[in-house]
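# Chains, contacts and geometry: an overview
Take a look at the letters that make up each chain.
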Amino acid sequence: MKRIAIFPGSFDPFTVGHANILERALPLFDQIVVGVGINENKKAFYPTEQRLQAIRTLYKGEPRIRVESYDDLTIDFARRVGARFILRGLRSVHDFEYERDVANMNKRLANIDTLIMFTEPHLTSVSSSVVRELITFGKDVSAFLPHAPEPAPRSEAPRSQDE
Ligand code: ADP
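What counts, and where the lines are drawn
- Residues numbered from 1 in each chain as written.
- Predicted model: local features only at pLDDT ≥ 70, side-chain atom pairs only at ≥ 80, totals over all residues.
- Heavy atoms only, no water.
- Pairing = 2+ DSSP bridges.
- Helix = DSSP H or I, 4+ residues; strand = E, 2+ residues; numbered from the N terminus.
- Axes fitted to C-alpha atoms, helices over the stretch in contact; angles between N-to-C directions.
- Contact = heavy atoms within 4.5 Å.
- Core = buried A, V, L, I, M, F, W, Y, C linked by side-chain atoms within 4.5 Å.
- Buried < 20%, exposed > 50% of the residue type's maximum accessible area, 1.4 Å probe, protein only.
- Right-handed = clockwise from strand over helix to strand, strands pointing away.
- Near = heavy atom within 4 Å.
- Polar contact = N/O pair within 3.5 Å; in protein donor to acceptor, adjacent residues only side chain to side chain.
- Areas by Shrake-Rupley, 256 points an atom, 1.4 Å probe, with all protein chains shown as cover.
- Nonpolar A, V, L, I, M, F, W, Y, C, P; charged D, E, K, R; others polar.
- pLDDT = per-residue confidence, 0-100.

## A short note on the sheet that holds strand β3 (residues 65-70)
Spatially, five strands are ordered β3-β2-β1-β4-β5 in an open sheet, and the strand pairing comes out parallel. Both edges of this open sheet fall to β3 and β5 (113-118), since each of them pairs with a single strand only. This sheet shows a mean twist of 30° between the axes of neighbouring strands, independent of strand direction. Inspection of the sheet shows strand β1 (residues 4-9) paired to strand β4 (residues 85-90) by two bridges, in the parallel sense. The residue bridging Ala-5 from the neighbouring strand is Phe-85, located in β4. Contacting β4 and β5, helix α4 (residues 93-110) runs over the sheet at an angle of about 175° to β4.

This is the structure:
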């Protein structure tokens, strides 16, 4: 049986903090489906399609990562894609109680386990909301957004032995 997890969130936008959690969890699963949640009651900064495309472009070379949107319950999205695990990141104690309550409820309602990963210390203060605010005021946010790896050069000259 394939080990599939979903990584749900708003990803508005997807930051280096999100990328760090996703990439560190990848060795644990056969597939991780990033779930871009659509919340009709919350006005998004970036349209759903743009959020999806940004993450898809980033991971287009990684077949174990898929990116989908969903507008229903996270447990129903998990069931649809055959996931038995939910991946979440934890930055601080402020996140803790909320994440624990949602995880307990998802376990009870759908027998889905949540895997929480601690963020790395240098990323604890990175959040989509801070990035949005900086963008609104015209600041450079490139340090907080992941960049797609440079494509490999088409034909590399063979390296000499003593290089
Ligand atoms: P949500 O609105 O569901 O919290 P987010 O897009 O804000 O969606 O976050 C998705 C997941 O990524 C959550 O588990 C959140 O705690 C985690 N996350 C956000 N920023 C960071 C970060 N800097 N380091 C680690 N995890 C993060």
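Having seen the model, we can carry on.
## Remarks on the nonpolar core
Core analysis: the largest hydrophobic core is formed by 21 residues, its most contacted members being Phe-7, Phe-14, Leu-22, Ile-32, Ile-55 and Tyr-59. Here the element with the most residues in this core is helix α1 (residues 16-25); it accounts for four residues. Residues in contact with Phe-7, not counting those within four places in the same chain, are Phe-14, His-18, Ile-21, Leu-22, Ile-32, Val-33, Val-34, Gly-35, Leu-87 and Arg-88. Residues Ile-4, Val-33, Ile-75 and Ala-83 belong to the second largest nonpolar core, which totals twelve residues.

## Some points on the pairing of β5
Two elements, β4 and β5, share six bridges in a ladder whose sense is parallel. Of the residues in β5, the one forming a bridge with Ile-86 is Thr-114. Handedness of the crossover joining β4 and β5 through α4: right-handed.

## Topic: the pairing of β1
Burial of β1 is extensive: six of the six residues sit out of reach of the surface. What you see with β1 is no split at all: Ile-4, Ile-6 and Pro-8 on one side and Ala-5, Phe-7 and Gly-9 on the other are buried throughout. Pairing between β1 and strand β2 (residues 31-37): six bridges, direction parallel. Across the sheet, the residue bridging to Ile-4 is Gln-31, located in β2.

## Notes on the site of the ligand
Not every one of the 15 residues close to the ligand is listed here, only the nearest: Ser-10, Phe-11, Gly-89, Thr-119 and Val-126. One nitrogen or oxygen atom from the main chain of Gly-89 is found 2.6 Å from an oxygen atom belonging to the ligand. Protein burial of the ligand: of its 550 Å² of free accessible surface, 85% is covered by the chains. Elements represented by at least two residues in the shell around the ligand include exactly β1, α1 and β4. Of the residues in the shell around the ligand, the class split is six nonpolar, six polar and three charged.

## Quick word on the confidence of the model for the chain
A residue-level look at the chain finds 90% of positions with pLDDT of 70 or above and a mean pLDDT of 92. Confidence drops under a pLDDT of 50 for residues 156-163, and excluding neighbours within four residues, the segment shows zero contacts in the predicted structure.

## Observations concerning unusual backbone geometry
Put simply, Asp-12 and Pro-13 share a cis peptide bond, and its omega is 5°. Note that Pro-13 resides in the loop between β1 and α1. Non-glycine residue Phe-11 carries a positive phi angle of around 50°. In this fold, Phe-11 is placed in the loop between β1 and α1. When its relative accessible area of 3% is taken as the criterion, Phe-11 is described as buried. Of note, the phi angle at Asn-111 is positive, near 55°, even though the residue is not glycine. For Asn-111, the location among the structural elements is in the loop between α4 and β5. For Asn-111, a relative accessible area of 53% corresponds to the exposed category.

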